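# Structural description and commentary
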Amino acid sequence: MGPGMKPTLHSSARACGKIIVTGEHAVVYGCPALAAGLPDGLTLHAEPLEDSRAPVRLTVEAWDLDVELHPGNEHPVAAAAMAVLGFCDGPLQGWGIRGETRLPSRAGLGSSAALTVALARLAAGQDAPVGTIVEASLCGERVFHGEPSGIDSEVAARGGLVRFVRGRSIEPIPLRNPLPLCIVPSNQPRSTADQVAKVRHRYDRWTKPTRHILDAFSAASEAAENAINGNKLNDLGEIMDMVHGLLVAVGVSSPILDALCSAAREHGARGAKLTGAGGGGCILALPADDPNPLLTALRTEGWAPLSVDVAL
Ligand code: PMV
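Residues numbered from 1 in each chain as written. Predicted model: local features only at pLDDT ≥ 70, side-chain atom pairs only at ≥ 80, totals over all residues. Heavy atoms only, no water.

## Regarding the side chain of S137
As for its position among the elements, S137 is in helix α3 (residues 130–145). The contacts of S137, once residues within four sequence positions are left out, are V84, A113, T116, V117 and S153. (Helix = DSSP H or I, 4+ residues; strand = E, 2+ residues; numbered from the N terminus. Contact = heavy atoms within 4.5 Å.)

Laid out in structure tokens, this is it:
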């Protein structure tokens, strides 16, 4: 920004939510992961406040979020938002920011990355280079997660299906057909940082066996990509089941997530796994050609499955 210029915000900006198809946690250790953007992510709207010296106020009603951005506010969202706006030379005073979303928060669907990416775009513009937006988002993600691999920020900024390896460029995976998926929230909130720390503890204590598990995650991501490229959805389902087993092995599943995966398989899913950090959050199921029996059966059991089509 030039000297004497007042920092400003664009009137609106968008970001995707995300699901991880394979390789969560392993991605922190440099293994490849496949992830996809959920187009119906988060939209932020910005309007000037009457008092141009009042701190920026950020509200997202769907997340019960209402925070003012000033250094004395220790709310992690305030700290993360200030880190993002600081990186982008955005204003910290004189603006109200309102978010609209159908993404649940703290459910492993990339809500924090959607927020930090959309905030960066409010300051830098919806069409700012993706690399800059991801860098800005990571300033906020570090406040939330301590050791983020970067996968959430990349997918929130880009959308589509991607192969991601930490510290390397991200590769889009072209989809010949949209990939139908079913997300089932467990309604159990959890902390990504705690789950990542749990795996770190297991890695430090049982390094050799955990390294073998990480190798299995890598092989599973490669097999999943081949299955997607060949449109072999039964194979993809089987691989998702295996990846759930690997996530159990590194200690991040929970009785509810295991039960939800079993229920999804019993009701006809080709495969199912937890998605994201685990410990709560959501599972991801790959439905049969007709997803309706699965969706109906899960609804009858009291769950609220979301049907999504991942497309380019
Ligand atoms: O944001 P979540 O809860 O979906 O989890 C992020 C994915 C992890 O691999 C668990 C952590 C990371 O930084 O990649």
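## Here we look at unusual backbone geometry
For H25, which is not glycine, the phi dihedral falls at a positive 70 degrees. For H25, the position within the fold is in the loop between β1 (12–22) and β2 (33–48).

## Overview of the site of the ligand
Near the ligand you find 16 residues, and of these K18, S149, D152, R190 and T192 are the closest. K18 is positioned such that a nitrogen or oxygen atom in its side chain is 2.5 Å from an oxygen atom of the ligand. One of the backbone N or O atoms of H25 is found 2.9 Å from an oxygen atom in the ligand. In isolation the ligand has 370 Å² of accessible area, and contact with the protein removes 96% of it. Among the cavities detected, the one that contains the ligand is the largest pocket. Those elements giving two or more residues to the shell around the ligand turn out to be β1, α4 (151–158) and α5 (192–205). When the residues that make up the shell around the ligand are grouped by side-chain class, the tally is seven nonpolar, five polar and four charged. (Near = heavy atom within 4 Å. Polar contact = N/O pair within 3.5 Å; in protein donor to acceptor, adjacent residues only side chain to side chain. Areas by Shrake-Rupley, 256 points an atom, 1.4 Å probe, with all protein chains shown as cover. 1 Å grid on protein atoms, 1.4 Å probe; cavity = no way out; pocket = protein on both sides within 12 Å on 5 of 7 lines; lining within 4 Å. Sits in = over half its atoms within 2 Å of the grid points. Nonpolar A, V, L, I, M, F, W, Y, C, P; charged D, E, K, R; others polar.)

## Notes on the layout of surface pockets
Leftover empty space is mapped by rolling, across the atoms, a probe with the size of a water molecule. Size it by volume and the largest pocket reaches roughly 750 Å³. The wall of the largest pocket is formed by 38 residues, among which S112, F144, H145, R190 and T192 lie closest to the centre. Listing elements by their share of the lining of the largest pocket, those giving two or more residues are β1, α1 (76–87), α2 (111–124), α3, α4 and α5. Take the lining of the largest pocket: its biggest share by element is four residues, from α3. (Points joined across faces, edges and corners; volume = space filled by probe spheres on them.)

## Topic: the pairing of strand β6 (residues 161–164)
Two elements, β2 and β6, share four bridges in a ladder whose sense is antiparallel. Within β6, the position partnered with L34 by the bridge is R163. Pairing of β6 with strand β7 (residues 171–172) involves two bridges; the strand directions are antiparallel. Bridge assignment links V162 to a residue of β7, and that residue is P172. (Pairing = 2+ DSSP bridges.)

Spatial relationships are all this shows, so hold off on functional conclusions.
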